[in-house]
Structures are given as structure tokens and as C-alpha cells.
Amino acid sequence: MTTVAFFNKGTSIETQKNWEKRLSLFIPSIKLVPLLSSEAKQATTALLWKAPLEKLSELKSLKGLISLGQGVDHILNSNLIPSNMPVIRIVDPYMAKSMSHWVILSVLNYIRDTSGYYNQQKENIYKPRDEINFLSVKIGIYGIGAIGSVVAQYLTLLGFDVSGWSRTKKIINGVKCFEGKDGFNEIIESSDIHICLLPLTSSTIDIFNSSTFKKMKQGVCFINAGRGEHVIEEDLSIHCKSGHIAHAILDVYRSEPLPKNHSFWKLDNITLWPHVAAETNPNTAAEQIANAIKCLNENIIPPNIVNRDLGY
Ligand code: NAP
Ligand code: GLV
């Protein structure tokens, strides 16, 4: 029997059963048990999304933690995880494609003014609206890893001028790649549409704030599907209110669900999504998670292990 402790915040036992069914295709003897149950004490691995991490100290046989998402900040933000405990993340091409769909949808809605047409339809108005010519648009993507690099390439195929920013030097066909502090300034000052697809780490927290928003050109579009903590939200609200940021499209927030009294709800030029840009798909992710479980149980280093020093 391979016992895995499971916690996926906000989901029911059905979600756990579905994961167990998918994983059993690769590990027939697998049993998923709730992290909060006494059976979890038998677990050698844990499959987690936004879990109460203090519970993990009771699991004495743990060999590694697996994130149910591509991001691992929900695990590494805590200082409860021993530095030698392997943390593995999903890297699923399905999620990179799904995120690409969401980003393309957001970019096209913005340049074609979909919400303007939607409002006109409600008033029976049949009238062309101003359109931003895609040839004039420079897109800057912050974070060109497993997800951002795919998004960048799809956007170039649609004819956009795309730049990407990373920590280390990258070469991506058709994409202008920048790195480090100078590269950040280059992209932030020149882009018309800014897309954050960074992981949340001690180097990227609060990266979009009053000072960096001021570096952006007047009237830009800001899209965030990285993490809420990349943005000082009050500063974003101020820059949206003034029109310096013409439109913001957000999928992630410092506090989720977004509090009912948050200033974002009241701003017409902010489009809000409830953290759904690229959801984990058990059908496509199960095989790599099963492989990670097998590797950990056999004391082999699995693929997609997180660099604990870098935090992603
Ligand atoms: P990844 O493969 O680790 O890529 C991260 C990228 O960010 C890399 O290009 C990395 O640079 C760059 N980066 C990291 N720290 C940096 C720094 N200090 N300065 C400059 N660049 C830096 O991550 P991923 O799988 O693409 O996922 C990215 C994030 O997307 C996740 O962590 C998660 O927060 C978010 N996400 C959101 C959703 C959603 O539904 N909203 C879904 C999935 C993921 P290098 O290439 O040089 O390492
Ligand atoms: C979702 O936000 C993820 O990190 O997979």
C-alpha cells in the first residue's frame, strides 16, 4: 500500500477520490487519505494545495511534498518545512496551454474592447468602437519559464511584438529576452501590455508597486496571473483610478477569495477572475505526480524538484 496524505483547500472528498482514481492507473496500490485524518500518519508523501502545514510535523515517515499546482509558494511561504524535505511541483504542458488561452483571451478582449461592445448590445447600439491595432502593441511578459515561455510564443504567432523577462538568460524563438535589473527596466518602460507570470519568491514579492507602475507608459494594460503578492494592490487601485493604467485584468489576489469590500470590485477598468486562469487537470497531471511519488518512495530525486534556495 502506498499511502499519500491529501489536502486540496476548498474541495470535497470527491476531488480526493478523483485524484486517487487517476493515480491508481500508475500506482495500483495507492491510497489517498485526508491530511487531517489519523491514517495520514502512515503517509510517505503528501499531495497539497494550501494545506495547514503545521499538520505535516505529525507525519514522521514523509519523504517529500508534492504541490497540486505549478506554484509552490503555498508550501514554501511557511518556515515549517525542513530545508532538506524535497518539494516537487507540477509542470504540465496542459496548464501552459490553458494559461495561454486565458492570456490571449484577456489581450484580445482588451485591444478589441469586448466589454464596450457588450455594453452597447445591452443598449441596442450598433456602432464600431476604437480598436488598438495589434501591430502597435508591445507585450512584456515577466516570467518566461514553463508557462510564460509558451504564452510568449503563442502571442508571437498572433503577430504581437513580445518581450520576456527572466532571472537567467533565455533564448526563445521570436521573443526578445531580457534578464536582471536592466532587463526589467527595459520591459517595464517599453511595454503596452504587461503580463505577470512570475513565481512568488522573496525576490519577486511586491514587484509591482507605485514606483514600478510609474515606470510604465501612460495608458497601459496590466495582467496578473502570477500571484496576488506580486502586486501592492492599493498602488494598483490608485494607478487604475488615475488612468495611468488603462485596464487591469487580474486572476490572483493577496487574499483569496477577494474580500467583498476590496477596492478592486468598484473599479470599472479592473476585470476580476477568481484564480482560474490555468487550473490543475488530474487527467494530464496524474502520471507525473505518480512518478514523483514512486521516485520519492524509492529514494530517487524526482523531476521538477524545487530549488529551495531560489524558492521556485
Ligand atoms: P517557472 O517555470 O519556475 O518559471 C518562472 C519564471 O520566472 C522563469 O522564467 C524565472 O527565471 C522567472 N523568475 C523567477 N524569479 C525571477 C526573478 N527574481 N527575476 C526575474 N525572473 C524571475 O514557473 P511556471 O511554471 O512558469 O509558473 C509561474 C507561476 O505562475 C507559478 O509560480 C504560479 O505562481 C503561477 N501560476 C498561476 C496559475 C493561475 O491559474 N493563475 C496557474 C499556474 C501557475 P529563470 O527562467 O531564469 O529561472
Ligand atoms: C495555480 O495557481 C498554480 O500555481 O498551479
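Just above, that's the structure.
In this report, we go over the structure that sits alongside the text.

Definitions and limits used
- Residues numbered from 1 in each chain as written.
- Chains lettered and ligands numbered in written order.
- Predicted model: local features only at pLDDT ≥ 70, side-chain atom pairs only at ≥ 80, totals over all residues.
- Heavy atoms only, no water.
- Helix = DSSP H or I, 4+ residues; strand = E, 2+ residues; numbered from the N terminus.
- Rg over C-alpha atoms; globule rule 2.2 N^0.38 Å.
- Buried < 20%, exposed > 50% of the residue type's maximum accessible area, 1.4 Å probe, protein only.
- Contact = heavy atoms within 4.5 Å.
- Areas by Shrake-Rupley, 256 points an atom, 1.4 Å probe, with all protein chains shown as cover.
- Lys, Arg positive; Asp, Glu negative; His and termini not counted.
- Charge placed at Lys NZ, Arg CZ, Asp CG, Glu CD.
- Pairing = 2+ DSSP bridges.
- Axes fitted to C-alpha atoms, helices over the stretch in contact; angles between N-to-C directions.
- Near = heavy atom within 4 Å.
- Polar contact = N/O pair within 3.5 Å; in protein donor to acceptor, adjacent residues only side chain to side chain.
- Nonpolar A, V, L, I, M, F, W, Y, C, P; charged D, E, K, R; others polar.

A few points about the overall build of the protein
- Assigned secondary structure in the protein consists of 9 helices and 12 strands.
- For the protein, the C-alpha radius of gyration of 21 Å lies close to 20 Å, the compact-globule estimate for 312 residues.
- The dimensions of the protein, computed from C-alpha atoms along their principal axes, are 65 × 45 × 35 Å.
- By residue count, 48% of the 312 residues in the protein fall in the buried class.
- Within the protein, counting contacts between residues at least 6 apart in sequence, those at least 24 apart form 61% of the total.
- Looking at the protein as shown, the accessible area adds up to about 15700 Å², and 53% of this sits on carbon and sulfur atoms.
- Distance from the positive charge centre (32 side chains) to the negative charge centre (29 side chains) of the protein: 3 Å.

Structural notes on the sheet that holds strand S2 (residues 30–34)
- Here we have 5 strands laid out as an open sheet, ordered S2-S1-S3-S4-S5, and parallel in their pairing. With one partner strand each, in any of the chains shown, S2 and strand S5 (87–88) form the two edges of the open sheet.
- In this structure, strand S3 (residues 45–49) lies alongside strand S4 (residues 64–67), joined through 4 bridges in parallel fashion. Residue pairing across strands places Ala46 opposite Leu65, the latter belonging to S4.
- Helix H1 (residues 13–24) rests against strand S1 (2–8), S2 and S3 of the sheet, and its axis sits at about 160° to S2.
- Along the sheet face, helix H9 (residues 282–297) touches S1, S2, S3, S4 and S5 and points at about 170° away from the line of S4.

A few points about the site of ligand 2
- Taken together, the neighbourhood of ligand 2 is formed by Trp49, Gly69, Gln70, Gly71, Met95, Arg227 and His275.
- Gln70 is positioned with one of its backbone polar atoms (N or O) 2.7 Å from an oxygen atom of ligand 2.
- Between ligand 2 and Gly71 there is a distance of 2.8 Å, counted from an oxygen atom to a backbone nitrogen or oxygen.
- For ligand 2, the accessible surface in isolation is 190 Å², of which the surrounding protein chains cover 85%.
- Its residues assigned to classes, the shell around ligand 2 comprises 2 nonpolar, 4 polar and 1 charged.

Just distances and angles here, no functional claims.
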